[in-house]
Structure formats: structure tokens, C-alpha cells
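Here is how the chains run, residue by residue.
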Amino acid sequence: MTHRPLAAALWMTGAIAAFTAMAVATRQIRGVHDTFEILAFRSMIGWVIVVALGLALGQLGRIRTDRLGSHVLRNLFHFSGQSLWFYAITVIPLAQVFALEFTSPIWVILLAPVFLGERLNRRKVLAAALGFAGVWIVARPDFGAPEPGVVAAAGAAVFFAATNLMTKALTRGEAIISILFWLTLMQALLGSLAMAFGGPVTLPTLSTLPWLGLIAVAGITAHLCLTMALSLAPASVVVPVDFARLPIIAAIGAIFYNEPIEPALFLGAGLIFVGIWITLGSGASRPQGSAVTKP
């Protein structure tokens, strides 16, 4: 296995910047476009970018059509996760969304036996328990009146985990360009259908188009940087760097959106991180190391 931790960390700084830019750009246009409009326009722009890159690199011939059923199922999971993530970004603090998103590897542990036939052991169960304890502290659920944004962010993590597992299965013989092509195309179609049934459509304007373009570019850049980082170093090196997103987005939320920074959020995130670290030590992180898993 390639082990270049410094190079991997540098690639991860690009992923962190891209994920952060996507969240901020979504906040900037939340009063103009709804979640499905953002998803649809973002994927349309992303599909054009992927095709252009495929043409420039001579990779379009590697796009396959013999596993469309798997691509459809993967993109249904991914679209559901994206919808919940983009919605959560607009209604709850950014740091809270990111902290809850980090539970995705914990869900991979629990879903891997269903999708990949992997076995649970005590170490994995302990990791999952710590992760959910962290979620409890971060979310502080009120079962009498559950907060929709918190439920959405937690649900997004579940769908991203299912997407990771489907991606793992697809990458066994499927080129990254093929996954990206069907990802952006199917997401654009799903987003357009949801947008059409959601009521009047607000078309991009001169003020929102740059932000939509940034969301599209940031999404593809994040996938590329994360994939490159995981190809250069083990997940045990990459994941701790990825956790730097949390204090960064917390600082951005506090400075630009007057969002409070609460100690409980970092305590809960710490428990989630410990659970993920145990997961990595048990070798259960491999499904997470697939390409193309985030919004």
C-alpha cells in the first residue's frame, strides 16, 4: 500500500476547503433556491464538467452501461443523503451538520453485514456505541418536538453510509469516470423531477449562478481530493485530517453567521471520532475508503 502521509494530508486540505465552500455557498443562496433546485442545477453543471474532463482526458470510452441497476440504487441513496444534507445546512448550525455527518463510518459498520456480508464483532459494536453517544450529545434530541434539521443531518449520514457501500461494490471493475458520469447525470434527473413536482421553479440568476457553479465544482473537487488522499495513505491517516473540518466550519459559522460554539458539540464530536478510530483499528474502514461518497 502506498504510504505518503504528507501528500495525503495536502490532498485532504483541498477536500476540507471544498466541503467548506459547498456549505457556505449553500447558505448564501438558501433564501432564493430550495434544496431540490440546488441539487438539480448543481448536478447539471457537474455533469457538464465531468463530460468535459472525460473528453479532455480521453476517458469517456470507459463509461459502462452494464451495471445501471447498481448505479440507480446508489444514486437513490446518494440523492436522499444529499437532499437531507443540503436542507440541514440551511436550518441548523454548520458545525452541528458536520459533526452528525461524521457518523457515516459508524453506520457503515452496521450496514456492512447487510450489503457486503461482513461480520460484526465486539470492537465494532463498541465503536458504534461511542458514535451514537456522541450523536446524542451533539443532537440533544427532544423526542417531544424533534428538530427537523438535526433529524435531516443524522439521516444524511445513514444514506451516505449506504452510498459508500454501494460505491465500494461498484468500484470493483468500474472506472471513476463512469461512476462520476452516472452520478451527476442521475442526480440531475432526480433533482429535476423533484424540482418540477415541488412547485414553481426559480431559475438561476446572475447573483446565484456563481454560487451554484461553486457548489458543483466544490463537490467534484472534494471527491477527487478525498479519493487521491485515500490512495496515498491509509484511512487512519486521512480521517483525522478530515476531522479538521469541524473546528474550521465552527469558526466560519461563528464569524459570518453568529452561530454559537458550544463545548458539548466538540465533546460529542470527540466521542464520534474515538468510535471511528476504533473502527479504523479493526479494519472496518475499508468501505469508507471508496471514491465519490460525499455531497
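Residues numbered from 1 in each chain as written. Predicted model: local features only at pLDDT ≥ 70, side-chain atom pairs only at ≥ 80, totals over all residues. Heavy atoms only, no water.

*Asks:* Which residues make up the environment of Leu 76, and what are the values?
*Replies:* With respect to the helices and strands, Leu 76 occurs in helix H3 (residues 68-91). With relative accessibility at 41%, the residue Leu 76 sits in the partly exposed group. Between the C-alpha atom of Leu 76 and that of Pro 234, which follows or precedes it by 158 residues, the distance is 29 Å. (Helix = DSSP H or I, 4+ residues; strand = E, 2+ residues; numbered from the N terminus. Buried < 20%, exposed > 50% of the residue type's maximum accessible area, 1.4 Å probe, protein only.)

*Asks:* Please provide a residue-by-residue account of helix H2 (residues 35-57), values included.
*Replies:* Spanning 23 residues, H2 covers 32 Å between terminal C-alpha atoms, matching the ideal 33 Å at 1.5 Å per step. By the burial criterion, the buried members of H2 are Thr 35, Glu 37, Ile 38, Leu 39, Ala 40, Phe 41, Arg 42, Ser 43, Gly 46, Val 50, Val 51 and Gly 54. Looking at the packing, one finds that the buried side of H2 touches helix H1 (5-28), H3, helix H8 (176-197) and helix H9 (209-232). Sitting at the head of H2, Asp 34 places a side-chain oxygen 3.2 Å from the backbone nitrogen of Phe 36. Gly 58 sits one or two positions beyond H2 and adopts a positive phi of about 65 degrees. (Expected span 1.5 Å × (residues − 1). Contact = heavy atoms within 4.5 Å. Polar contact = N/O pair within 3.5 Å; in protein donor to acceptor, adjacent residues only side chain to side chain.)

*Asks:* Talk me through the side chain of Gln 96; I want residue IDs and the actual numbers.
*Replies:* By the element assignment, Gln 96 lies in helix H4 (residues 94-101). Every residue in contact with Gln 96, bar those within four places of it in the chain, is listed here: Val 138, Ala 139, Val 150 and Leu 265.

*Asks:* Go over the nonpolar core with me, naming the residues and quoting the values.
*Replies:* One finds Trp 85, Val 97, Phe 98 and Leu 246 to be the most contacted residues of the largest nonpolar core, which totals 65 residues. Beyond its immediate sequence surroundings of up to four residues, Phe 98 is in contact with Phe 19, Ala 23, Trp 85, Ile 89, Arg 245, Leu 246 and Ile 249. (Core = buried A, V, L, I, M, F, W, Y, C linked by side-chain atoms within 4.5 Å.)

*Asks:* Explain unusual backbone geometry residue by residue, including any values.
*Replies:* Look at Asn 258: it is not a glycine, yet its phi comes out positive at around 55 degrees. Within the secondary structure layout, Asn 258 lies in the loop between helix H11 (245-257) and helix H12 (263-281).

*Asks:* A description of the confidence of the model for the protein should follow, citing residues and the corresponding values.
*Replies:* Per-residue pLDDT for the protein has a mean of 86; in total, 91% of the residues score no lower than 70. The low-confidence segment residues 284-293 (pLDDT under 50) makes 39 contacts with residues lying over four places distant or belonging to another chain. (pLDDT = per-residue confidence, 0-100.)

*Asks:* Report on the environment of Phe 181, specifying residues and quantitative values.
*Replies:* Note on placement: Phe 181 falls in helix H8. Taking relative accessible area as the criterion, Phe 181 reaches 14% and is therefore assigned buried. The sequence separation of Phe 181 and Val 238 amounts to 57 residues, and the corresponding C-alpha distance is 26 Å. When neighbours within four sequence positions are excluded, Phe 181 is seen to be in contact with Trp 47, Val 50, Val 51 and Ile 63.

*Asks:* Please give an account of the packing of H2 against H9 that cites residues and values.
*Replies:* Two elements in contact, H2 and H9, have axes whose closest approach is 8 Å; the angle formed by their N-to-C orientations is 60 degrees. In terms of their interaxial angle, H2 and H9 are classed as oblique. Classified by chirality, the crossing of H9 by H2 is right-handed. In this structure, H2 contributes Ile 38, Phe 41, Arg 42, Ile 45, Gly 46, Ile 49 and Val 50 to the contact, and H9 contributes Leu 209, Leu 212, Gly 213, Ile 215, Ala 216, Val 217, Gly 219 and Ile 220. Of the residues contributing to the contact of H2 with H9, the split by class is 11 nonpolar, 3 polar and 1 charged. (Axes fitted to C-alpha atoms, helices over the stretch in contact; angles between N-to-C directions. Parallel < 35°, antiparallel > 145°, perpendicular 65-115°, else oblique. Left-handed = near helix turned anticlockwise from the far one by under 90°. Nonpolar A, V, L, I, M, F, W, Y, C, P; charged D, E, K, R; others polar.)

*Asks:* I'd like a description of the pattern of salt bridges, backed by residues and values.
*Replies:* Enumeration over the complete set of coordinates arrives at 6 salt bridges. For the salt bridge of Arg 67 with Glu 174, the shortest nitrogen-to-oxygen distance reads 3.7 Å. A residue pair is termed long-range when its members are at least 10 positions apart, and Arg 67 in the loop between H2 and H3 and Glu 174 in the loop between helix H7 (148-170) and H8 qualify at 107 residues. Two residues, Asp 242 and Arg 245, come together in a salt bridge whose shortest N-O distance is 2.9 Å. Both residues of the pair, Asp 242 and Arg 245, count as buried. (Salt bridge = Lys/Arg side-chain N within 4 Å of Asp/Glu carboxyl O.)

*Asks:* Help me get a handle on the packing of aromatic side chains, residues and values and all.
*Replies:* Applying the stated criterion to the full structure yields 9 aromatic pairs. Ring geometry for Phe 36 against Phe 79: centres 6.1 Å apart, planes inclined by 10 degrees, an arrangement best described as stacked. Highlighted residues: Phe 36 in helix H2 and Phe 79 in helix H3, separated in sequence by 43 residues. For Phe 36, a relative accessible area of 30% gives the class partly exposed. Taking the centre distance of 5.9 Å and the plane angle of 35 degrees together, the rings of Phe 273 and Trp 277 count as tilted. Of this pair, Phe 273 and Trp 277 are both found in helix H12, 4 residues apart, which corresponds to roughly one turn of the helix. An aromatic cluster is defined as three or more aromatic residues linked by ring pairs; in this entry it consists of Phe 102, Phe 243, Phe 273 and Trp 277. The ring of Tyr 257 has Arg 27 lying over it, and the distance from NZ or CZ to the ring centre is 5.1 Å. (Phe/Tyr/Trp six-rings, centres within 6.5 Å; stacked < 30°, edge-to-face > 60°. Lys NZ or Arg CZ within 6 Å of the ring centre and 35° of its normal.)

*Asks:* Tell me about the environment of Met 186, and name the residues and values.
*Replies:* Residue position: Met 186 is located in helix H8. Once the C-alpha coordinates of Met 186 and Ser 231 are considered, the two residues, 45 residues apart in sequence, prove to be 26 Å apart. Look past the residues within four positions of Met 186 in its chain and what remains in contact with it is Leu 68, His 71, Val 72 and Asn 75.

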